[in-house]
Amino acid sequence: MRILIAGCQQEISTFNPIPCEYEFFDYLRGDEIRATHEGTDSQIGGALTELQSAFGDDLEVVYTYDAEGTAAGPLRHSAFLKIAGEFLDALKPHAGKIDGAYFSMHGAMGTTELLDPEGYLLEEARKILGPDVPIVITMDLHGILTAKMLENINGLASFHTYPHIDFGDTGKRAAEAMKRLLIDGRPQGRALRHLPFLLPLNFQCTLVEPSKGIVEAAAARLSEDMLSLAYLAGFPPGDLRQCGPTVSAHAYSQEEADAAVDEMAQLIALKEAEFAE
């Protein structure tokens, strides 16, 4: 079983007037990714632990490229194009030679010219890897999920905590989704709902209500007919289009995907006033 692992993570605020540069990122290539993450509580570390447990000696991990940026202002577009080129070029030698791909992402990137960099990366990655290769990603609870992103992945695991303490667990959940994809096949049902309001960051804390109850409800709603159900609180400081909360699902029927996201969206909508108390 050959699983490709790569990453591209950054969170930006458009209220920061200083553009982020290429040099603001840390880069890992090839086996540097394994050496940095194996045995750690990072998303990639957690995914590796679960994949090794699931597939044992039958697992071959292909490490390509990981770019991790600090929180900053919008990424200068020329810098993003360089990062995107490196990310995508590293995938090309493995096209047609892997069984699945896991990408560690944040979900709140933005460039000086492009509002959905992750959507671009996933769309181009899909073109390179082909329509039949399962792609699973992890995202921060503050991530901004777009329709383009959802269309080009087969599973999503997001943080359940803020303050964030479940990095490794999120990676493990992504790997569990990958295992099921390889056994049961790719789910054909997918759904995404955007809530029409923004959530203050302090009220996104999952130690207290209402965020605590929303995260717990999403975990409880996940059924056997679903591969993933993700609640993302969004990131208002990004000030990007649709930077509010979302609920998304990948399920083995469209009816189940729609039902799950509609139930969760209604639950969140009913709690809107609680986020302002």
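Up top is the structure these notes are about.
Structure report, in brief. Predicted model only: the values in this text are computed from it and were never measured.

The complete set of buried residues in helix H7 (residues 211–221) reads Ser211, Gly213, Ile214, Val215, Ala218 and Arg221. Check the buried side of H7 and you find it contacts strand E8 (226–232) and helix H8 (254–270).

With their axes 6 Å apart at the nearest point, helix H2 (residues 43–55) and helix H6 (residues 167–184) run at an angle of 40° to one another. Between H2 and H6, the angle is such that the two are oblique. Between H2 and H6 the crossing geometry is right-handed. Between H2 and H6, the residues in contact are Gln43, Gly46, Ala47, Thr49, Glu50, Leu51, Ala54 and Phe55 and Phe167, Gly168, Gly171, Lys172, Ala175, Glu176, Lys179 and Leu182, respectively. Looking at the contact of H2 with H6, its residues break down into seven nonpolar, five polar and four charged.

End to end, H2 covers 18 Å across 13 residues, agreeing with the expected 18 Å (1.5 Å per residue, within 8%). Buried residues of H2: Gln43, Ile44, Gly45, Gly46, Ala47, Leu48, Glu50, Leu51 and Phe55, and no others. Against the buried residues of H2 lie strand E1 (2–9), helix H1 (31–37), strand E3 (60–69), strand E4 (100–105), strand E5 (135–139) and H6. At the C-terminal side of H2, glycine 56 shows a positive phi close to 55°.

As a further point, take the nonpolar core. Counting 40 residues, the largest nonpolar core has Ile83, Phe87, Phe103 and Ile137 as its most contacted members. A total of six residues in this core trace back to one element, the largest contributor, which is helix H3 (residues 77–89). Other than its neighbours up to four places away in sequence, isoleucine 137 contacts Tyr102, Phe103, Met105, Leu122, Met149, Ile153, Gly155, Leu156 and Ala157. Membership of the second largest hydrophobic core comes to 23 residues, among which are Ala191, Ile214, Val247 and Val261.

With that settled, consider the sheet that holds E5. Backbone-to-backbone hydrogen bonds pair the strands of a sheet. The strands run either parallel or antiparallel. Pairing within the open sheet is mixed, and its six strands lie in the order E2-E3-E1-E4-E5-E6. Looking at the sheet topology across the chains shown, the edges are occupied by strand E2 (25–29) and strand E6 (155–158). Averaged over all pairs of adjacent strands, the angle between their axes in this sheet comes to 15°, without regard to strand direction. Inspection of the sheet shows E4 paired to E5 by four bridges, in the parallel sense. Bridge pairing in E5 links tyrosine 102 to valine 136.

Strands sit in the order E7-E9-E8 across an open sheet of three strands; the sheet is antiparallel. With partners counted over all chains shown, the strands left at the sheet margins are strand E7 (189–194) and E8, one partner each. Sheet twist, expressed as the average angle between the axes of neighbouring strands with direction ignored, equals 5°. Here H8 sits on the sheet and contacts E7, E8 and strand E9 (246–251); the angle it forms with E7, its principal contact strand, is near 20°.

Next up on the list: the packing of aromatic side chains. Scanning all chains against the criterion turns up seven aromatic pairs. Ring geometry for phenylalanine 25 and tyrosine 27: centres 6.1 Å apart, planes at 25°, overall stacked. Assigned by exposure class, phenylalanine 25 and tyrosine 27 land together as buried. An angle of 85° between the planes, with centres 6.4 Å apart, marks the rings of tyrosine 65 and phenylalanine 87 as edge-to-face. On the criterion of sequence distance, the pair formed by tyrosine 65 in strand E3 and phenylalanine 87 in helix H3 is long-range, its members being 22 residues apart. In this structure, tyrosine 65 and phenylalanine 87 share a single accessibility class: buried. Taken together, the ring pairs connect Tyr22, Phe25, Tyr27, Tyr65, Phe87 and Phe103 into an aromatic cluster. One cation-aromatic arrangement involves lysine 82 over tyrosine 22; the distance from NZ or CZ to the ring centre is 4.1 Å.

Reading the values: the criteria
- Residues numbered from 1 in each chain as written.
- Predicted model: local features only at pLDDT ≥ 70, side-chain atom pairs only at ≥ 80, totals over all residues.
- Heavy atoms only, no water.
- Buried < 20%, exposed > 50% of the residue type's maximum accessible area, 1.4 Å probe, protein only.
- Helix = DSSP H or I, 4+ residues; strand = E, 2+ residues; numbered from the N terminus.
- Contact = heavy atoms within 4.5 Å.
- Axes fitted to C-alpha atoms, helices over the stretch in contact; angles between N-to-C directions.
- Parallel < 35°, antiparallel > 145°, perpendicular 65-115°, else oblique.
- Left-handed = near helix turned anticlockwise from the far one by under 90°.
- Nonpolar A, V, L, I, M, F, W, Y, C, P; charged D, E, K, R; others polar.
- Expected span 1.5 Å × (residues − 1).
- Core = buried A, V, L, I, M, F, W, Y, C linked by side-chain atoms within 4.5 Å.
- Pairing = 2+ DSSP bridges.
- Phe/Tyr/Trp six-rings, centres within 6.5 Å; stacked < 30°, edge-to-face > 60°.
- Lys NZ or Arg CZ within 6 Å of the ring centre and 35° of its normal.

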